[in-house]
Amino acid sequence: PGPTRCQIMDEAEKAVLELYDFRDRYFEHHEVSKAPEKTQHVEDKMTATLQKLDEISDEALDVRGKARLMFLRGHARNVLSEFDAKAEEFLSRAVKLDPTLVAAWNSLGECYWKQGNIEGAFNCFDGALRQTQNKVSLRNLSMVLRQIGKGGDERLKNIEVSVEKAKAAVSMDVSDGISWYVLGNAYLSLFFMSGHSDALKKQCMTAYAQAVITDGLTSIIILLLKTDRVVGRLMTDCLNSNPRTIAVTAANYCL
């Protein structure tokens, strides 16, 4: 007998996870000189993944199964940095079929964000959290909150809430480097909005160092380059060093 419908769907989900892993860990397997080719390579991987998903018929699936398939198709298309209308279409259909599908709400929120629809993104992440607490919605909401606010007082309040959301994401999984990175960025925003406190700078760099420890070096190099532009010359002396020196410098700063 051939694979069951459940096994087929599990394989489809695995293919989409591998697509995102390929994108997020691209430079762990490719030289930095390949950076101009990354988008095309990810797009090629996305096309191959979508072909696998298109081979799956939804005729024998129940409502939740159809929602899951719509989510996978939309989420796969959402892997690129640009807004994709088809991704929005698939993801919107997924949450309509199954409003409890948190992963679809998160991906739809990211889709709206790329489109510039900040309010739509906020509603998706907030709605996902109403279904269940999860680190992806918490850290995405943290990022969105930092972009909302008309006046200085409102912006400061939103950034303070942003820090709390990021801390909650970290508390759900202390081994997730992305959550630590988002927390570092939240502290950084608060640092600039509330008087350049040394304590906040220390908390910011502590979170960044945890991102180094828990998620390797690749993403943290980009993070530290960004930090150098906004914090000042904190990392200038080590930016010309090798990646491991950069990471160790960040970690030692917090000791």
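Fair warning: this is a prediction, and the values are worked out from it, not measured in the lab. (Residues numbered from 1 in each chain as written. Predicted model: local features only at pLDDT ≥ 70, side-chain atom pairs only at ≥ 80, totals over all residues. Heavy atoms only, no water.)

(A) The arrangement of the packing of helix α4 (residues 63-77) against helix α5 (residues 85-97) in detail. The N-to-C vectors of α4 and α5 enclose an angle of 155 degrees; their axes lie 8 Å apart at closest approach. For the element pair α4 / α5, the angle class is roughly antiparallel. Where α4 crosses over α5, the two elements pack in a sense that is left-handed. From α4, Val63, Lys66, Ala67, Met70, Phe71, Arg73, Gly74, His75 and Arg77 reach across to α5, where they touch Lys86, Ala87, Phe90, Leu91, Arg93, Ala94 and Leu97. Classifying every residue of the contact of α4 with α5 gives nine nonpolar, two polar and five charged. (Axes fitted to C-alpha atoms, helices over the stretch in contact; angles between N-to-C directions. Helix = DSSP H or I, 4+ residues; strand = E, 2+ residues; numbered from the N terminus. Parallel < 35°, antiparallel > 145°, perpendicular 65-115°, else oblique. Left-handed = near helix turned anticlockwise from the far one by under 90°. Contact = heavy atoms within 4.5 Å. Nonpolar A, V, L, I, M, F, W, Y, C, P; charged D, E, K, R; others polar.)

(B) Examining the nonpolar core more closely. Counting residues in hydrophobic clusters, the biggest one holds 39 residues, and the most contacted among them are Leu53, Phe71, Leu72 and Val79. It is α4 that contributes the most residues to this core, six residues altogether. Setting aside residues no more than four positions away along its own chain, Val79 makes contact with Leu19, Tyr20, Arg23, Val42, Met46 and Lys114. Counting residues in each nonpolar core, the second largest holds 18 residues, with Val163, Val170, Leu188 and Ala211 among its members. (Core = buried A, V, L, I, M, F, W, Y, C linked by side-chain atoms within 4.5 Å. Buried < 20%, exposed > 50% of the residue type's maximum accessible area, 1.4 Å probe, protein only.)

(C) Structural context of the pattern of salt bridges. Applying the stated criterion across every chain, the model contains 15 salt bridges. Glu89 is the salt-bridge partner of Lys86, the closest N and O atoms lying 3.5 Å from each other. Of this pair, Lys86 and Glu89 both sit in helix α5, three residues apart, which is roughly one turn of the helix. Look at Lys86 and you get partly exposed, because its relative accessible area is 36%. For the salt bridge of Glu89 with Arg93, the shortest nitrogen-to-oxygen distance reads 3.8 Å. With Glu89 and Arg93 both in helix α5 and four residues apart, this pair spans about one turn of that helix. The class of Glu89 is partly exposed, set by a relative accessible area of 36%. In the salt-bridge network here, residues are joined through shared partners; they are Lys135, Arg139, Asp173 and Asp176. (Salt bridge = Lys/Arg side-chain N within 4 Å of Asp/Glu carboxyl O.)

(D) Just the side chain of Asp98, in detail. Tracing the sequence through the fold places Asp98 in the loop between α5 and α6 (102-115). Ignoring any residue separated from it by four or fewer positions in sequence, one finds Asp98 in contact with Arg64 and Ala67.

(E) A look at the packing of helix α10 (residues 177-193) against helix α11 (residues 198-215). It is the contact of α10 with α11, at a shortest axis distance of 8 Å, that shows an interaxial angle of 165 degrees. The orientation of α10 with respect to α11, classified from their angle, is roughly antiparallel. In terms of crossing hand, the pair formed by α10 and α11 is left-handed. Listed contacts from α11 to Gly177, Ile178, Trp180, Tyr181, Leu183, Gly184, Asn185, Tyr187, Leu188, Leu190 and Phe191 of α10 are Leu200, Lys201, Gln203, Cys204, Ala207, Tyr208, Gln210, Ala211, Thr214 and Asp215. By residue class, the composition of the contact of α10 with α11 is 13 nonpolar, six polar and two charged.

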